[in-house]
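Descriptive analysis of the structure
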Amino acid sequence: MGYKNILIEIKDAILYAKLNRPKQLNALNKEVFSEIKHLFTNIAVKDEVKSVIITGSGEKAFAAGADIKEFADFNIEQGKALASNGQKIFKIIETFNKPVVAAINGFALGGGLELAMACHIRLASTNARFGQPEVSLGVTPGYAGTQRLTQLIGKGKSIELLMTGAMINAEEAQRLGLVNYVVSQDDLIGKSEKLLKTIMKQSPIAVAGVIQCIDAYFTEGVDGFKSEIEEFGKCFGTEDFKEGTNAFMNKRKAIFTGK
Ligand code: DAK
């Protein structure tokens with residue numbers, strides 16, 4: 001599949017996915033969603049890929065939301081189907097077994113912020129702006145914004161942002177715990193790479209276990225503590241575990257193979 005709306009590159013085991021509709025501030029249309037889905041189910045799963053960075057092209061936007069022009073005349077059923085499809089795709093990212101970073105280089109609004117929140121870690125450039133302006137369009141968020149924003153920053157501030165539709169800047173987003181780091185636009189990808197390189201030195205099996213256990217914490221009907229016991233136990237059957245402990249005892253750096 002050739003992507004029309006996402007530029008991709010694999011370099012040093014990192015898959016770079018750049019949303020590429022700069023004239024529409026990288027608004028997420030249906031095509032973008034199916035390309036994201038394809039990317040995570042066909043490219044990011046390849047052995048040569050160890051982590052993913054999602055960013056936006058241009059200097060202005062990560063993604064300024066779902067493409068408003070596309071859903072303007074939807075009916076109730078179409079609205080539900082669109083939200084359900086979008087939520088499923090973002091869940092693929094959230095539960096992806098390799099680290100996914102959102103490098104937020106500008107506006108992350110509505111669906112754009114929802115995409116960023118589905119990623120495991122968020123970094124922002126100083127010019128980034130965040131918000132869920134859906135109420136100003138007469139809708140509630142549809143791609144899990146009410147859920148993930150509340151999980152990330154807590155009910156008090158989340159309900160305010162969701163009800164006002166107000167935008168916040170990068171500094172405020174960091175203060176609230178919505179983003180991990182704020183750096184200049186020039187340093188955004190470099191800082192994301194640095195973080196991923198640290199993660200990629202660890203056991204990929206253990207890192208995948210962390211992702212799964214944290215997802216379990218937020219999944220209804222799943223006991224996160226039990227998930228942790230399972231993941232912890234599984235590690236004892238891996239070569240990575242043997243390598244990690246052996247390296248420690250021999251005072252050398254571990255080289256993990258993900259087996
Ligand atoms: N969709 C489509 N086009 C967009 C867009 C968007 N979300 N955001 C910006 N653009 C386009 C503009 O229309 C403009 O195109 P032209 O008029 O030049 O053709 C171009 O990008 C540049 O935008 P501006 O000229 O407006 O740029 P400014 O710097 O003046 O303003 C802005 C930047 C980000 C403040 C402004 O563009 C803006 O307010 N954009 C809209 C932000 C927004 O409300 N985003 C949508 C959030 S709501 C649903 C599921 C999910 C959703 C809805 C329904 N269903 C299940 C049915 C989710 C909704 C959202 O994401």
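All of the points below concern the structure found in this document. Here the structure is a predicted model, which is why all the values come from computation and not from measurement. (Residues numbered from 1 in each chain as written. Predicted model: local features only at pLDDT ≥ 70, side-chain atom pairs only at ≥ 80, totals over all residues. Heavy atoms only, no water.)

Structural notes on the site of the ligand
In the neighbourhood of the ligand, 24 residues make up the surrounding shell, with Lys-60, Ala-64, Ala-66, Gly-79 and Gly-111 lying closest. One nitrogen or oxygen atom from the main chain of Ile-68 is found 3.0 Å from a nitrogen atom belonging to the ligand. Relative to its unbound accessible area of 1100 Å², the ligand is 67% covered by the protein chains. When contributions to the shell around the ligand are tallied by element, the ones reaching two or more residues are α2 (68–71), α3 (76–94) and β6 (107–109). Looking at the shell around the ligand, its residues break down into 14 nonpolar, five polar and five charged. (Near = heavy atom within 4 Å. Polar contact = N/O pair within 3.5 Å; in protein donor to acceptor, adjacent residues only side chain to side chain. Areas by Shrake-Rupley, 256 points an atom, 1.4 Å probe, with all protein chains shown as cover. Helix = DSSP H or I, 4+ residues; strand = E, 2+ residues; numbered from the N terminus. Nonpolar A, V, L, I, M, F, W, Y, C, P; charged D, E, K, R; others polar.)

So, the nonpolar core
If you look at the biggest cluster of nonpolar residues, it comprises 47 residues, and the most contacted ones within it are Phe-40, Ile-93, Ile-104 and Phe-130. If you tally residues by element for this core, the top one is helix α1 (residues 30–43), at six residues. What Ile-104 contacts, discounting residues up to four positions off in sequence, is Phe-62, Ala-116, Arg-122, Leu-123, Ala-124, Ser-125, Ala-128, Phe-130, Val-179 and Leu-188. (Core = buried A, V, L, I, M, F, W, Y, C linked by side-chain atoms within 4.5 Å. Buried < 20%, exposed > 50% of the residue type's maximum accessible area, 1.4 Å probe, protein only. Contact = heavy atoms within 4.5 Å.)

A few points about helix α4 (residues 111–118)
Counting along an α-helix, one turn takes 3.6 residues, and residues three or four places apart therefore face a common direction. Burial analysis of α4 places eight of its eight residues in the buried class, which makes it a mostly covered element. Buried within α4 we find Gly-111, Gly-112, Leu-113, Glu-114, Leu-115, Ala-116, Met-117 and Ala-118.

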